[in-house]
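# Breakdown of the fold
Residues per chain, in single letters:
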Amino acid sequence: MHKLILATLLAGAAAAPLLAQTAAPTPPVAAKKPYTVKAPFGATREDPYYWLRDDTRKNPEMLAYLAAENAYADAVLAPTKPMADTLYREIIGHIKQDDASVPYAKHGYFYYTRFDTGADYPVVARRKGSMAAPEQVLFDQPAMAKGKGFFQIGNWRVSPDNARIAWAEDTVGRRQYVLKVKDIATGTLLADTVPNIEAGLVWSADGKTIFYVEKDPVTLLGTRVKAHVLGTPASADRLVYTEKDDTFYMSIGATTDERYICINLHSTVSDEQRCAPAANPVAFTPVAPRARDFLYNADHLGGRWIIRTNWQAPNYRIMVVPDAKAAAGRAGWADLVPTSDTVFIENFQPFDRFLAIEERSGGNKRLRMLTPAGKSSFVTADEPAYVMDLGTNEDPASPVLRYTYGSLVTPTTTYEVDAATGKRTVLKVQPVPGYDASRYVTERVWATARDGTRVPVSLVHAKTFRKNGTAALFQYAYGSYGYSTDPSFNPTLPSMLDRGMVYAIAHIRGGQEMGRKWYDDGKIFHKKNSFTDFVDVTRFLVDQGYAAKGRVAAMGGSAGGLLMGAVANMAPQDYRVIIAQVPFVDVVTTMLDTSIPLTTGEFDEWGNPAEQRYYDYMLSYSPYDNVTAQAYPSLYVGTGLWDSQVQYYEPTKWVAKLRATKTDANPLVFRVNMEAGHGGKSGRFERYKQNAEYLAFALDQLKVQ
């Protein structure tokens, strides 16, 4: 398979210089072949580009088309290559190359990662007792990744006796991990290998068994939990649990006190957590049985279960139940933190002396600590738009909470705060060479959407910026699955801000920045709110003088790529350039096909088009189905051949249809990464090469030097 791909790519690469020499490269033309997509209730649609789907990724005609697109992209982007190279140098110039993480303590060892200068991958290591002890290397990832087009360790766990380490490894990018185990002292790789698993792993208390989630090889859904006894073949692994409802995603983990192993089952509207004692992990019983519109997640510490739930609490509340009453299910639960109409409880972490809570209020994520005596205190913030996250807190006996703080201006800073006194200690400020935060300003503004809803927007610009309606704007959003896009620092920002641009994150409906209702108002039959919110934010920022009309770039990826596709169809005149990374653009066809990875688990997010009411609504906004003969902005579209989340053929078909339909002469670039999945190429620096490429393209279109 790989030889065929390589040969096809080489053929395309050979043609690239010839294309680059011409004044106007000719874009590839995809063949049209008859194909009818049928819905169960009788509706049909013609899809002449359906043939570009090949689940084996071996079709020579398809591969030749992708190679031609890459060659065309090379030719079109040749004039912006010097700028891309400059941007790449600037971006990696803001990254400290010989960096290391803040060590954390667990079971007598201090764990950390460190990068060597020039390395794409970190070394994962530990030291016994203190950081002055000799280093034990757990993973020499630069050596492990050598010669591989893609490399990722999805997760790793050290055995309870600290002697062995198990990990999940992916060398394709399709998130079909392989379980591996080695002896830490000797570095000897054990014979234990299990293919096609999820990333999560848990050891039994005796360190003899590893629990993992097996994936369906076609849908890539986690379907079964198995137990692997060290020294036995994978074929002998014990089946622990089978999930029969394919609308649920499944993972596995351990409670904070490590007393329980839990199977976590999650759908858009229902949760179930099945747990068993780590000392005898045989019978996995529910903390509470699943029910539609009932969501929860539970942890265990101090002889009680702590539960975050939406039960009679749309913005969630935190409840507790002692072990003695746990068998009664919800009947034994009691309020610890009541629900609020204005504060959304997003996460929590229990400690022996306090409870740490992640909350969302006013569009920001903040932290508060609650003591057993009922004393509540918030961790302070100094900026109008920021993000706080729980850090790595492996010791529940600790009197301090480790957390991270950042903003679009402030690099990620790791703190510890004493729960009793409130004293904060800075452990590390992420070093950003050549960056001076005092030169920039972050703002939080509120745009009014067409239905009157106020949408929060996080902004950053140079301190010298003047709001006179002449600047270029780069606007980003996601807006699906209740995933909130927080305003955190990234090293690409200075390159834009130093060139006079404004960067904005539109916190549109479909995320959860403003609570659960914010999410509910941006999914299923309310999905179009996400799209119109984004456009209305753009128009607001232009009207307020933050940007010039005609100098706006928009960007989104995955479900945010769906947003880009919908916006391109609905309001092309508002954008000069749109960047859509791994975009989910063929909504109806994908959601009709339950063999496609992840489809069944998405029905409560988008709807099930097997029913006509969902079909009609989804069809009304699906980007692929709504391409029309009109002028579109300049477009940069990216995908990965091995993408397991949004299959490569969705953006491929969309690009082919756009080329055949749009009436403008604006450039449409399609970059296909032949050795990557949903997250792009692996490695610390590799992803910034693609970032620099599309950013250079955008700057050229916006006339930014």
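Our subject in this report is the structure included herewith. Values in this document were obtained by computation on a predicted structure and should not be read as measured data.

A word on the overall build of the protein. Scanning the protein from N- to C-terminus turns up 13 helices and 37 strands. In terms of overall size, the protein behaves like a compact globule, its C-alpha atoms giving a radius of gyration of 25 Å where 705 residues would be expected to give roughly 27 Å. Here the protein holds 705 residues, and the buried ones make up 58% of them. Across the protein, every contact between residues at least 6 apart in sequence was considered, and the portion connecting residues at least 24 apart equals 57%. When the accessible surface of the protein is summed, it comes to about 27,800 Å², and 53% of that surface belongs to carbon and sulfur atoms. With 78 positive and 75 negative side-chain charges, the protein shows a spacing of 2 Å between the two charge centroids.

Its 13 residues give helix 12 (residues 649-661) an end-to-end C-alpha distance of 18 Å, which sits within 8% of 18 Å, the value for a rise of 1.5 Å per residue. Of all 13 residues in helix 12, 10 are buried; the element is thus mostly enclosed. Buried within helix 12 are the following residues: Tyr 649, Glu 650, Pro 651, Thr 652, Lys 653, Trp 654, Val 655, Ala 656, Leu 658 and Arg 659. Packed against the buried residues of helix 12 are helix 2 (60-77), helix 8 (559-570), strand 35 (577-581), helix 9 (587-592), strand 36 (634-640) and strand 37 (668-673).

Once that is clear, we can look at helix 2. Across its 18 residues, helix 2 extends 25 Å between first and last C-alpha, which sits within 8% of the 26 Å expected from 1.5 Å per residue. When you tally the buried positions in helix 2, you get 13 out of 18 residues, the bulk of the element. Two or three places before Glu 61, at the opening of helix 2, Asn 59 has a side-chain oxygen 2.9 Å from that residue's backbone nitrogen.

Turning our eyes to something else, we now look at unusual backbone geometry. Peptide bonds are mostly trans, and most non-glycine residues show a negative phi. The backbone of His 107 sits at a positive phi, close to 50 degrees, despite the residue not being glycine. Tracing the backbone through its elements, the reader meets His 107 in the loop between strand 3 (104-106) and strand 4 (109-114).

It is worth spelling out the nonpolar core at this point. In this structure, Leu 66, Phe 534 and Leu 541 are the most contacted members of the largest nonpolar core, which totals 79 residues. Take this core: its biggest share by element is 7 residues, from helix 8. Residues within four places of Leu 66 in sequence aside, it is in contact with Leu 641, Tyr 648, Thr 652, Phe 670, Val 672 and Met 674. Judged by nonpolar contacts, the second largest core, of 43 residues, contains Leu 87, Met 501, Val 577 and Leu 699.

Counting buried positions along strand 15 (residues 260-266) yields 5 of 7 residues, so the element is predominantly enclosed. Bridge count for strand 14 (residues 249-254) against strand 15 is 6 bridges, and the pairing is antiparallel. Across the sheet, residue Ser 251 finds its bridge partner in strand 15, namely Asn 264. Hairpin connection, strand 14 to strand 15: the antiparallel pair is bridged by 5 residues, and Glu 258 has positive phi, about 60 degrees. For strand 15 and strand 16 (residues 271-277), the ladder comprises 7 bridges, and the chain directions are antiparallel. Note that in strand 16 the partner of Asn 264 across the bridge is Gln 273. Turn length for the strand 15-strand 16 hairpin, with the two strands adjacent in sequence and antiparallel, is 4 residues.

Relative to the helices and strands, Arg 164 resides in strand 8 (residues 164-170). Each C-alpha atom of the pair Arg 164 and Thr 425 lies 34 Å from the other, and the pair is 261 residues apart in sequence. Beyond its immediate chain neighbours, meaning those up to four positions away, Arg 164 contacts Arg 157, Val 158, Ser 159, Val 181, Lys 182, Asp 183, Ile 184, Leu 190, Trp 203, Gly 207 and Leu 230. There is a polar contact of 3.5 Å between the side chain of Arg 164 and the side chain of Asp 161.

Let's shift gears to the pattern of salt bridges. In total, this model carries 47 salt bridges according to the counting rule given. With its nearest N and O atoms 2.5 Å apart, the salt bridge here joins Arg 360 to Glu 346. Remark: Glu 346 occurs in strand 22 (residues 344-350) and Arg 360 occurs in strand 23 (residues 355-361); sequence separation between them is 14 residues. For Arg 360, a relative accessible area of 2% translates into the label buried. Across the salt bridge formed by Asp 586 and Lys 653, the nearest N and O atoms sit 2.6 Å from each other. Of this pair, Asp 586 sits in the loop between strand 35 and helix 9 while Lys 653 sits in helix 12, and the two are 67 residues apart along the sequence. Residues Asp 586 and Lys 653 agree in their burial class; the two are buried. A single network of salt bridges, built from pairs that share partners, joins Glu 346, Glu 358, Arg 360, Lys 365, Asp 389 and Asp 486.

Scanning the entire structure with this criterion turns up 33 aromatic pairs. Ring centres of Tyr 435 and Tyr 440 lie 5.3 Å apart, and the angle between their planes is 5 degrees; this geometry places the pair in the stacked category. We classify Tyr 440 as buried; its relative accessible area is 6%. Plain terms: the ring middles of Tyr 617 and Tyr 621 are 5.6 Å apart, the flat faces sit at 75 degrees to each other, and that makes the pair edge-to-face. With Tyr 617 and Tyr 621 both in helix 11 (residues 612-621), this residue pair falls 4 residues apart, about one helical turn. Among the residues examined, Tyr 617 registers a relative accessible area of 17% and is labelled buried. Residue class for Tyr 621 comes out buried when judged on its relative accessible area of 3%. Connected via pairs of aromatic rings, a cluster forms that spans Tyr 104, Tyr 109, Tyr 111, Phe 139, Trp 156 and Trp 167. Taking the ring centre of Tyr 316 as reference, the NZ or CZ of Arg 308 above it sits at 3.8 Å.

Inspection of the secondary structure puts Ser 634 in strand 36. Within the structure, Ser 634 has its side chain in polar contact with the side chain of Arg 576 (distance 3.1 Å). At a separation of 2.7 Å, a polar atom in the side chain of Ser 634 contacts the side chain of Gln 701. Look past the residues within four positions of Ser 634 in its chain and what remains in contact with it is Arg 576, Val 577, Ile 578, Asn 666, Pro 667, Phe 697 and Gln 701.

On to the side chain of Glu 605, then. Position of Glu 605 relative to the elements: it lies in helix 10 (residues 603-606). It turns out Glu 605 is buried and unbridged, and the closest side chain with the opposite charge, Lys 527, is 5.0 Å from it. Not counting residues within four places of it along the chain, the set of residues in contact with Glu 605 comprises Thr 268, Ser 480, Tyr 481, Tyr 519, Lys 523 and Ile 524.

Cut-offs used in this document
- Residues numbered from 1 in each chain as written.
- Predicted model: local features only at pLDDT ≥ 70, side-chain atom pairs only at ≥ 80, totals over all residues.
- Heavy atoms only, no water.
- Helix = DSSP H or I, 4+ residues; strand = E, 2+ residues; numbered from the N terminus.
- Rg over C-alpha atoms; globule rule 2.2 N^0.38 Å.
- Buried < 20%, exposed > 50% of the residue type's maximum accessible area, 1.4 Å probe, protein only.
- Contact = heavy atoms within 4.5 Å.
- Areas by Shrake-Rupley, 256 points an atom, 1.4 Å probe, with all protein chains shown as cover.
- Lys, Arg positive; Asp, Glu negative; His and termini not counted.
- Charge placed at Lys NZ, Arg CZ, Asp CG, Glu CD.
- Expected span 1.5 Å × (residues − 1).
- Polar contact = N/O pair within 3.5 Å; in protein donor to acceptor, adjacent residues only side chain to side chain.
- Core = buried A, V, L, I, M, F, W, Y, C linked by side-chain atoms within 4.5 Å.
- Pairing = 2+ DSSP bridges.
- Salt bridge = Lys/Arg side-chain N within 4 Å of Asp/Glu carboxyl O.
- Phe/Tyr/Trp six-rings, centres within 6.5 Å; stacked < 30°, edge-to-face > 60°.
- Lys NZ or Arg CZ within 6 Å of the ring centre and 35° of its normal.

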